[in-house]
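Single-letter residue listing:
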Amino acid sequence: SRRRHTRCSGVSWARRCVQETGLMLVGPTGGGKTSNYKVLQKAMTALQGTNEKFAKVNTYILNPKSITMGQLYGEFNEHTHEWTDGVLAYIVRETCKDQSTEKQWIMFDGPVDALWIESMNTVLDDNKKLCLNSGQILILTPHMTMMFEVEDLAVASPATVSRCGMVYMEPGALGLQPLIDSWIDLLPNGCKEKKTFIPSLNKYFAKYL
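These numbers come from a predicted model, not from an experiment.

A. Fine view of the pattern of salt bridges. What the rule picks out here adds up to four salt bridges. Asp 113 is the partner of Lys 65 in a salt bridge, and the nearest nitrogen-oxygen pair spans 3.0 Å. Pair noted here: Lys 65 is in the loop between strand E3 (57–62) and helix H3 (69–73) and Asp 113 is in the loop between strand E6 (103–109) and helix H5 (114–117), with a separation of 48 residues, a long-range link. On the accessibility criterion, Lys 65 (44% relative accessible area) is partly exposed. Between Asp 85 and Arg 93 there is a salt bridge whose closest N-O contact spans 2.8 Å.

Structure below.
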């Protein structure tokens, strides 16, 4: 099915997390991808019970490029021919067992690779099935979302992109002030206690940046 792509806004971002099975957060480092989904996770958890769309959100984070295909999806042992679940297969299997209304966000924090992402196509389309080489089929629950935190989609195929909702995070829209504020928050308390120190810093940042 064809998906709409959008720039990030609070309403559209929250709506997509509720509606989409697959969601890609696209943007360079420093664009606010991680902070945005963590803030939304905390907000939805805090609002649980006020609306049927809000519930506790559990996240499971992995870097698919840091492990092999066998370690990601699972593989047969060459000697014993026994099947061993990969990291993703284990996470999906365990979250599928949860019959509550809690949200399960599986976050792929790393570059999209044409090899491993193609195996996700049956998960991201209307079938919502993870098909393993062992012959097992894991069916996602309506409360599960596959999120991909990526810098770009240079090697992602049109088949994969068309199955996901897209949210673009642009550092230009973020500006420098959040970075300045977070840096100031990390300063020693001795600096913050000086009444003129923080205002002076902000004045110099405004003048020279």
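Having seen it, we continue.
B. Looking closely at helix H4 (residues 87–96). Most of H4 is tucked away: seven of the ten residues are buried. Turning to H4, its buried residues are Leu 88, Ala 89, Ile 91, Val 92, Arg 93, Thr 95 and Cys 96.

C. Looking closely at the packing of aromatic side chains. Enumeration over the complete set of coordinates arrives at six aromatic pairs. Pairing Tyr 204 with Tyr 208 gives two aromatic rings, centres 6.4 Å apart and planes at 25 degrees, and the pair type is stacked. Taken together, the positions of Tyr 204 and Tyr 208, both in helix H11 (residues 197–208) and four residues apart, correspond to about one turn of that helix. A residue is classified by how much of its surface remains accessible, and Tyr 208, at 60% relative accessible area, is exposed. Ring pairing ties together the aromatic residues Phe 108, Trp 116 and Phe 148, which thus form one cluster. In this structure, Lys 203 packs its charged tip against the face of Tyr 204, placed 5.4 Å from the ring centre.

D. The arrangement of the nonpolar core in detail. Membership of the largest hydrophobic core comes to 30 residues, with the highest contact counts inside it found for Leu 88, Val 92, Ile 106, Phe 108, Met 120, Met 146 and Phe 148. Of all the secondary structure elements, the ones that give two or more residues to this core are strand E2 (22–26), H3, H4, E6, H5, helix H6 (121–124) and strand E9 (144–150). In terms of residues, this core owes the most to one element, H4, which gives five residues. The residues touching Leu 88, leaving out its near neighbours within four places in the chain, are Leu 72, Tyr 73, Ile 106, Phe 108, Met 120 and Leu 130.

E. Representation of the packing of helix H9 (residues 177–185) against H11 in the model. Orientation of H9 relative to H11, taken along the N-to-C sense of each, is 150 degrees, at an axis distance of 12 Å. Regarding the angle of H9 to H11, the classification is roughly antiparallel. Crossing of H9 over H11 shows right-handed handedness. Residues Gln 177, Ile 180, Trp 183 and Ile 184 of H9 lie in contact with H11, whose contacting residues are Ile 198, Leu 201, Asn 202 and Phe 205. For the contact of H9 with H11, the class distribution of residues is six nonpolar, two polar and no charged.

F. Spatial organisation of the side chain of Thr 141. Here Thr 141 lies in the loop between strand E8 (137–139) and E9. When its relative accessible area of 15% is taken as the criterion, Thr 141 is described as buried. Among residues more than four places away in sequence, those in contact with Thr 141 are Cys 96 and Asp 98.

G. Spatial organisation of unusual backbone geometry. The residue His 81 is not glycine, and still its phi comes out positive at about 60 degrees. Within the element layout of this structure, His 81 appears in the loop between strand E4 (74–76) and strand E5 (83–85). Among the residues examined, His 81 registers a relative accessible area of 59% and is labelled exposed. Notably, Lys 128 is not glycine yet its phi reads approximately 55 degrees, a positive angle. Mapping Lys 128 onto the fold places it in the loop between H6 and strand E7 (129–131). For Lys 128, a relative accessible area of 29% puts it in the partly exposed group.

H. Structural view of the side chain of Ser 157. Topologically, Ser 157 is positioned in the loop between E9 and helix H7 (158–161). A polar side-chain atom of Ser 157 sits 2.6 Å from a polar atom in the side chain of Glu 118.

I. Quick look at the environment of Ile 180. Position of Ile 180 relative to the elements: it lies in helix H9. We classify Ile 180 as buried; its relative accessible area is 10%. Beyond its immediate stretch of four places on either side in the chain, Ile 180 contacts Asn 202, Phe 205 and Leu 209.

Definitions and limits used
- Residues numbered from 1 in each chain as written.
- Predicted model: local features only at pLDDT ≥ 70, side-chain atom pairs only at ≥ 80, totals over all residues.
- Heavy atoms only, no water.
- Salt bridge = Lys/Arg side-chain N within 4 Å of Asp/Glu carboxyl O.
- Helix = DSSP H or I, 4+ residues; strand = E, 2+ residues; numbered from the N terminus.
- Buried < 20%, exposed > 50% of the residue type's maximum accessible area, 1.4 Å probe, protein only.
- Phe/Tyr/Trp six-rings, centres within 6.5 Å; stacked < 30°, edge-to-face > 60°.
- Lys NZ or Arg CZ within 6 Å of the ring centre and 35° of its normal.
- Core = buried A, V, L, I, M, F, W, Y, C linked by side-chain atoms within 4.5 Å.
- Contact = heavy atoms within 4.5 Å.
- Axes fitted to C-alpha atoms, helices over the stretch in contact; angles between N-to-C directions.
- Parallel < 35°, antiparallel > 145°, perpendicular 65-115°, else oblique.
- Left-handed = near helix turned anticlockwise from the far one by under 90°.
- Nonpolar A, V, L, I, M, F, W, Y, C, P; charged D, E, K, R; others polar.
- Polar contact = N/O pair within 3.5 Å; in protein donor to acceptor, adjacent residues only side chain to side chain.

Remember, this is a structural readout, not a statement about activity or role.
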